[in-house]
Amino acid sequence: MVKVDLSGTSAFFDPAELDFAAAAAAHRTLADKTGAGSEFTGWLELPQRIRDGELKAILSAAQRIRGRSKALVVIGIGGSYLGARGAIELLRPVPSEDDPKIFFVGNGLSPDALSDTVTRLGDMDFDINVISKSGTTLEPALAFRVFRKMLKEKYGSAAKKHIFATTDAHRGALKSLADAEGWECFVVPDDVGGRYSVLSAVGLLPMAVAGIDIKAVINSAIIAFKELDLRSPENPAWQYAAARQYLYGHGRSIEILGCYEPSFRFMAEWWKQLYGESEGKNGIGIFPASVEFTADLHSMGQYIQDGPRTLMETIVSFESARSSVSVPFEMGDPDGLNYLAGKDYADICRTASDAVKAAHISGGVPNIGISVPKRDEAGFAELVCFFELACAISGYMSGVNPFDQPGVEAYKKNMFKLLGKPGT
Ligand code: PA5
């Protein structure tokens, strides 16, 4: 199970000050499905439901894609994008020779980024997984047009076998198009919002194509959600939610999520969407930011150590590293580094992270530690279940609906009007 370490907050509050009664009430509201947005809490049962049904179809599609294609173009944005990318970069940062390349498009409107992907794709055999719950989001819909045209030019009438649509079960432009064209479809369940959907086909199909063991992910997620159902202050999700709400109430309006593994970068992007979209509303909410250590200690380190004291810091770590690299000894010690000769990088990194933690605490930044045993399928699933549950609990504790996103409509209205969309 995920461990939360609150030792780095002891200079800022006494654990007795944490409002576990509010965390308990929020957890009850969530589990009983009696709170705001309860119609979007299906993600709690998602791993169980997937295992019972759709997993076989996802694995079969992934096997076909892996067997015939050198690349998968994944088209999606926001909740239909970040989870899969986070998982793939975390677990398969170096693809094996058999793994198709995974290209993510439809997550912006840059013509250069799009044509760069077309160039990198070259004449590779490829499949498309277009992911959009609404089926109407502009960025993925436009990119889908471009890559669908390429696919038709390459494969003619067989192109339809190369398209997999992950969308609403019944509604939307993408669903209608898929039915009309005969594309294989996967479902974004009605009761699961985009940012909570990584353990549905939205995340699982790209992950499986990338060579991630999605059965292991799902089995670990089933166990994780069961363990996280613990109704006591021992629950790490309660601890995290209660600590960040306490700190927010005492002036810490920005949370920086850091990790010493660069492969965690897109998991941090996924986390930012999850927490930002769930909690930032009604004029309140912690601003979620992210840093990559140690790289960002050389850019953001000054601000963290010494800037306005509005920060809290949450550091994700993996208890054991996947690789062992020891520092070579060099005769004459020309660079003065022989004091580290024979030491493993993992030990140096751990020592550095202890030193950074102590420095930041002494600079007035509370530090929350979150750890899982390994950077593997189980560790990924545990982190996802933990962050999703803690986010919902934290959102309910602050009095918001953690499952809606009314604010994202404003820019869309303006944009469609300016672009001249009929009816706007
Ligand atoms: O979390 C959300 O709801 C959003 O980030 C959506 O996932 C994103 O806007 C994409 O929407 P759709 O899947 O409908 O294309």
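Right above here is the structure, for reference.
A brief look at the structure comes next. Because the structure is predicted, anything quoted here is derived from the model rather than measured. (Residues numbered from 1 in each chain as written. Predicted model: local features only at pLDDT ≥ 70, side-chain atom pairs only at ≥ 80, totals over all residues. Heavy atoms only, no water.)

This next bit is on the overall build of the protein. Across its full length, the protein holds 15 helices and 10 strands. Compactness check: the protein gives a C-alpha radius of gyration of 23 Å against a globular reference of 22 Å for 424 residues, within 12% of the reference. In the protein, which comprises 424 residues, the share counted as buried stands at 49%. Looking at the protein alone, contacts between residues at least 24 apart form 80% of all its contacts between residues at least 6 apart. Entry remark: accessible area of the protein is about 19100 Å², with carbon and sulfur atoms responsible for 54%. Looking at the protein, you have 44 positive and 52 negative side-chain charges, and the mean spots of the two groups are 7 Å apart. (Helix = DSSP H or I, 4+ residues; strand = E, 2+ residues; numbered from the N terminus. Rg over C-alpha atoms; globule rule 2.2 N^0.38 Å. Buried < 20%, exposed > 50% of the residue type's maximum accessible area, 1.4 Å probe, protein only. Contact = heavy atoms within 4.5 Å. Areas by Shrake-Rupley, 256 points an atom, 1.4 Å probe, with all protein chains shown as cover. Lys, Arg positive; Asp, Glu negative; His and termini not counted. Charge placed at Lys NZ, Arg CZ, Asp CG, Glu CD.)

With that settled, the discussion passes to the site of the ligand. If you check the shell around the ligand, you find 13 residues, and the closest are S80, S132, S134, T137 and Q273. Measuring from an oxygen atom of the ligand, one finds a side-chain N or O atom of S134 at 2.7 Å. A distance of 3.2 Å separates an oxygen atom of the ligand from a polar atom in the backbone of R195. When the ligand sits alone it has 380 Å² of accessible area, and the protein chains cover 85% of it. Structurally, the ligand is housed in the second largest pocket. (Near = heavy atom within 4 Å. Polar contact = N/O pair within 3.5 Å; in protein donor to acceptor, adjacent residues only side chain to side chain. 1 Å grid on protein atoms, 1.4 Å probe; cavity = no way out; pocket = protein on both sides within 12 Å on 5 of 7 lines; lining within 4 Å. Sits in = over half its atoms within 2 Å of the grid points.)

Next up on the list: the environment of N219. The topology assignment puts N219 in helix α9 (residues 214-227). N219 sits 90 residues away from N129 along the chain, and the two C-alpha atoms are 24 Å apart.

One can find S38 in the loop between α1 (20-32) and α2 (46-52). With 364 residues separating them in the primary sequence, S38 and P402 have C-alpha atoms 9.4 Å apart. What S38 contacts, discounting residues up to four positions off in sequence, is K33 and Y396.

Turning next to the sheet that holds strand β3 (residues 101-105). Ordered by their spatial adjacency, five strands build an open sheet running β3-β2-β4-β5-β6, and the pairing between neighbours is parallel. If you trace the sheet from one side to the other, it starts and ends with β3 and β6 (184-187), each paired once. Taking the axes of each pair of neighbouring strands and ignoring which way they run, one obtains an average angle of 20° across the sheet. For strand β2 (residues 71-75) and strand β4 (residues 126-131), the ladder comprises five bridges, and the chain directions are parallel. Pairing of V74 across the sheet is with N129, part of β4. Contacts between helix α8 (residues 201-209) and the sheet are confined to β2, β3, β4, β5 (163-167) and β6, with β4 contributing the most and set at about 165° to the helix. (Pairing = 2+ DSSP bridges. Axes fitted to C-alpha atoms, helices over the stretch in contact; angles between N-to-C directions.)

A few words now on the sheet that holds strand β8 (residues 287-292). Read from one edge to the other, the open sheet built from five strands follows the order β1-β10-β9-β7-β8, with strand pairing classed as mixed. Single-partner strands in this sheet number two, and they are β1 (3-5) and β8. Neighbour to neighbour, the strand axes of the sheet diverge by 20° on average, direction disregarded. Here six bridges tie strand β7 (residues 254-259) to strand β9 (residues 311-318), and the two strands are oriented parallel to one another. Following the sheet pairing, C259 is matched in β9 by V316. Docked against the sheet, helix α14 (residues 377-398) engages β1, β7, β9 and β10 (367-372), running at close to 135° with respect to β10.

Interaxial distance between helix α10 (residues 236-249) and helix α11 (residues 265-279) falls to 15 Å at its minimum, and their mutual angle equals 60°. The pairing of α10 with α11 is recorded here as oblique in orientation. Every pair of crossing elements has a handedness; the one defined by α10 and α11 is right-handed. Facing α10, whose interface residues are Y240, R244 and Q245, α11 presents W271, Y275 and E279. (Parallel < 35°, antiparallel > 145°, perpendicular 65-115°, else oblique. Left-handed = near helix turned anticlockwise from the far one by under 90°.)

With that settled, the discussion passes to the nonpolar core. Where a protein is soluble and globular, its nonpolar side chains tend to be buried together. Counting 94 residues, the largest nonpolar core has Y240, F264, I370, F380 and F387 as the members making the most contacts within it. Here the element with the most residues in this core is α14; it accounts for 13 residues. Discounting residues that sit within four places of it in the chain, I370 has contacts with V2, K3, V4, Y240, T314, I315, V316, S317, L383, F386 and F387. Counting 21 residues, the second-largest nonpolar core is a separate cluster that includes L121, M124, L151 and A159. (Core = buried A, V, L, I, M, F, W, Y, C linked by side-chain atoms within 4.5 Å.)

In this section: the side chain of S394. Note that S394 resides in helix α14. Within the local environment of S394, its side chain forms a polar contact with the side chain of R244, the two groups lying 2.8 Å apart. Those residues in contact with S394, other than ones at most four positions away along the chain, are A241, R244, Q245 and E279.

Quick look at the pattern of salt bridges now. Counted under the stated rule, the structure contains 22 salt bridges. In this structure, R66 and D99 form a salt bridge, with 3.0 Å as the shortest nitrogen-oxygen distance. One end of the pair, R66, is in helix α3 (residues 55-68); the other, D99, is in the loop between α4 (82-91) and β3, and 33 residues separate them in sequence. D99 sits in the buried class, given a relative accessible area of 8%. For E89, the salt bridge goes to R85, with nearest N and O atoms at 2.9 Å. Residue E89 and its partner R85 are located together in helix α4, separated by four residues, close to a single helical turn. Linked through salt bridges whose partners overlap, the residues forming this network are R66, R92 and D99. (Salt bridge = Lys/Arg side-chain N within 4 Å of Asp/Glu carboxyl O.)

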